[in-house]
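Structure at a glance
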Amino acid sequence: MEIKFSHVNSKYFNDLSFVIPKGKVTGIYGDNGDKLLRLISLDDDSKGIIYFNKIRKLRRNYYLFRNTIELVEKRFVNIFDIDNIYEYFREYIRYRKLEVDDIDKKIKDSLKIVGLKVDILDRRISTLTFSELKLLQFALAFLTNPKVILFDEPFRGLDLNVRKKFVRIINRLKDKFSKTIVIYSNNPNYLYQYTDYLIVLSNNKVLVEGNTSDIFFDSKYNIRRPDIVEFILLVKDKKNVKLPRRKSVMDLIKDIYWNVK
Amino acid sequence: MSSLVSVDNLMIGPFTKFSMDIPLNSLVFVTGSNNSGKSLLLKVFAGLVNVKNKITYDRKIIKSDNDISYMASLTFNYDTVLKNIRYSVERLGYSDEKINVLVRDIAKDLKITNILNKNIKDLNEYEKLRVCLASKVISNPKLLLLDNPCLFLSPLETKEFMGFLEQLRIRGMTIVVSSSLLEEVIYTINSIIYVLDKGKIVSSGEVLDVLSNDSLLNKIGLELPFMVDLSVKLEYYNLVFKINMSPLGMVESLWK
């Protein structure tokens, strides 16, 4: 689903215009990016022109879009005060008014997507570790089968193995089920590695939007860059040596080796 | 160095026959992959888990539970910043003048003087963290346990926060921090780092010694900070001979 905002005003932003393209993982970078996620998920009041898939959002068709968007918060909040995970899932399905024929199958499918084992359903939420809680949050988000999924700092606290698993999941959702994925992070390293399209905010306005690596390699913008980009730009600046754009240190090392030798 | 807290022969969760000492007046990082038992270990140190006499405190220094401060999530009891910070010393029965001085000093140290009268809701993540830390350290605890404090901070904020922890250590606190990102560790000096995997210590010691073992850390799923990663990998190619944390210095040494 393509999302288009033009000249939108809200409590935190004024005259905001940007496009979230379909078929790409979009990153949001900069101050108040988490508030922008809330705005896209239609949780915050806004004035302006918003299109979802070329259909304009109006007050009367608000419900059409609200249920197709899912926001995954950075911290898990136990909204029902239920500790048992199976009960929590059931309550969540009731709360979101989902029409499900076979609840147990639906829950199991959702757990399967994120790679959690079924026996987690017998456990209590208060005994889960951070990464298990994060995966549970993702599983709950996939339960409603949303068209747009917004992630607030999804990579934080996940180690490399879990993070790779998560990236595989979102790429599959994007390619196979054509979901729109939006990720906010204040760490440029993650955005550079895992997103294709980037929206940079500065002073409550959109500074620039476009291809992620193009933006980070453009020295025009005064933003904090990923470490690896910073290094490649420094080499070009000081020694006038142009190294190719790389995402992993392993590739960069080989470039340096051939260049220095 | 004498040890302030030690666990011996711990058998809980992922831990089997686990022993560890926290030296007095040190800054200790406990890091590791997901589900390695970092948070649980901190809870054990805080005395929140019943482990049947397997934990010993130095009772000359830690006289009561008030000398241990444990922070896991950012929870607040009151709406305004000032009330939240005052609360933790008010309950100890200090006089009003003494509390005012304490609040002023800690606010100055943690750079939150200008937000003291704000509402918690209007603060950003980093401000909330500093307010929470202020309320935990104002009573001058001897042992400070922080469970993943830098989780949602940007790299610049993390760097400043580590400076605050260093200041607190100089004031005489023993600090144990759990962390899921190795990048947080390099901003400190003189800290000790323990790497856990599935309830076992797989590596420990000074920061740079631990970080230079990149194959072990990558195997358990930890990512090295960029400059360390670059230095260590360039060492294999005999292009550099020590870990260089400054990008400029690295460029100059490579392209002579």
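Residues numbered from 1 in each chain as written. Chains lettered and ligands numbered in written order. Predicted model: local features only at pLDDT ≥ 70, side-chain atom pairs only at ≥ 80, totals over all residues.

Side note on the domain arrangement of chain B
Residue and element names in this part refer to chain B. Per the domain assignment, the segments making up chain B are domain 1 (1-62 + 142-222) and domain 2 (225-256). Computed from C-alpha coordinates alone, the two centres of domain 1 and domain 2 are separated by 28 Å. The partner domain 2 presents six residues to the seven residues of domain 1 that form the contact. Classifying every residue of the side of domain 1 that touches domain 2 by side-chain character gives four nonpolar, one polar and two charged. (Domains from an automatic or database assignment. Contact = placed C-beta atoms within 7 Å. Nonpolar A, V, L, I, M, F, W, Y, C, P; charged D, E, K, R; others polar.)

Some thoughts on unusual backbone geometry
The phi torsion of most residues other than glycine is negative, and most of the peptide bonds are trans. Residues and elements named next belong to chain A. The phi dihedral of Leu42 is positive, around 65 degrees, even though this residue is not glycine. If you trace the backbone, Leu42 turns up in the loop between α1 (33-40) and β4 (46-52). For Leu42, a count of 17 C-beta atoms within 10 Å puts it in the partly exposed group. (Helix = DSSP H or I, 4+ residues; strand = E, 2+ residues; numbered from the N terminus. Buried ≥ 20, exposed ≤ 12 C-beta atoms within 10 Å, placed from the backbone.)

Some remarks on the pairing of strand β7 (residues 148-152) of chain A
All names here are of chain A. Burial within β7 is extensive, with five of its five residues counted as buried. Of the two faces of β7, both are covered, the one formed by Val148, Leu150 and Asp152 as well as the one formed by Ile149 and Phe151. Pairing of strand β6 (residues 69-72) with β7, which is carried by four bridges, proceeds in the parallel orientation. Counterpart to Ile69 in the pairing with β7 is Val148. Sheet topology places β7 next to strand β8 (residues 180-184); five bridges connect them, and they run parallel. What sits directly across from Phe151, in β8, is Ile183. (Pairing = 2+ DSSP bridges.)

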